[in-house]
Amino acid sequence: MQTAEIIYTGELRTTATHLRSATVIETDAPVDNNGKGERFSPTDLVATALGSCMLTIMGIKARDNNWAIEGTKVSIQKIMGTEPRRITGVTIVFDFPGTHNLGEKEKTVLERAALTCPVAKSVHPDLVQDVTFNW
């Protein structure tokens with residue numbers, strides 16, 4: 001089964017529809033690449049997918065162990081390179097709520113889980129993943 005359908009809507013924009021849920025994501029080329037920068041760019045989505053994947057895998061591990069990480073926030077900074085134009089790095093900062101009550105063992109398990117998420121393992125190994133966990 002297909003995952004998504006993407007339609008070019010003009011002016012360097014696309015509309016992607018997740019076929020199972022009908023959820024829609026619009027993209028726009030970034031300002032530094034002739035776009036308006038009014039939506040996520042495709043490379044923004046790659047960086048965002050990395051952070052979201054890490055947090056989801058941590059959520060699975062937390063759920064399986066009855067650990068609470070609700071309210072955890074992830075900040076993403078995408079770093080672009082040139083020649084070829086591509087993502088060269090992503091800075092990912094996790095900020096956990098002070099109410100989590102997790103010990104060092106639990107924190108280590110969650111950090112390792114995040115670093116093994118499928119997106120992290122799918123991007124090119126040259127892409128620098130600078131990850132900080134603020135407990």
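Calculation rules
Residues numbered from 1 in each chain as written. Predicted model: local features only at pLDDT ≥ 70, side-chain atom pairs only at ≥ 80, totals over all residues. Heavy atoms only, no water. Pairing = 2+ DSSP bridges. Helix = DSSP H or I, 4+ residues; strand = E, 2+ residues; numbered from the N terminus. Axes fitted to C-alpha atoms, helices over the stretch in contact; angles between N-to-C directions. Core = buried A, V, L, I, M, F, W, Y, C linked by side-chain atoms within 4.5 Å. Buried < 20%, exposed > 50% of the residue type's maximum accessible area, 1.4 Å probe, protein only. Contact = heavy atoms within 4.5 Å.

A. Quick peek at the sheet that holds strand β4 (residues 73-81). Pairing is mixed across the open sheet formed by three strands, whose spatial order is β4-β5-β6. Edge strands, defined here as strands with exactly one partner in the open sheet, are β4 and β6 (128-134). Ignoring which end each strand starts from, the neighbouring axes of this sheet average 10° apart. In terms of strand pairing, strand β5 (residues 86-95) meets β6 through seven bridges, oriented parallel. Across the sheet, residue Ile92 finds its bridge partner in β6, namely Val131.

B. View of the nonpolar core. Ranked by internal contacts, the top residues of the largest apolar core, which has 21 residues, are Leu50, Met54, Met58, Val90, Phe94 and Leu110. For this core, the secondary-structure elements that each account for two or more residues are α1 (42-64), β5 and α2 (104-115). Looking at this core, the element that brings in the most residues is α1, giving six residues. Excluding residues that lie within four positions of it along the chain, Leu50 makes contacts with Val90, Ile92, Cys117, Val119, Ala120 and Gln129.

C. Here's a closer look at the sheet that holds strand β1 (residues 4-10). Across the sheet, which stays open at both edges, the three strands sit in the order β1-β2-β3 with antiparallel pairing between neighbours. Only two strands of the sheet have a single neighbouring strand rather than two, namely β1 and β3 (24-28). The sheet shows a mean angle of 20° between the axes of neighbouring strands, direction not considered. Bridge count between strand β2 (residues 13-18) and β3: five bridges; the pairing is antiparallel. Bridge pairing in β3 links Ala16 to Ile25.

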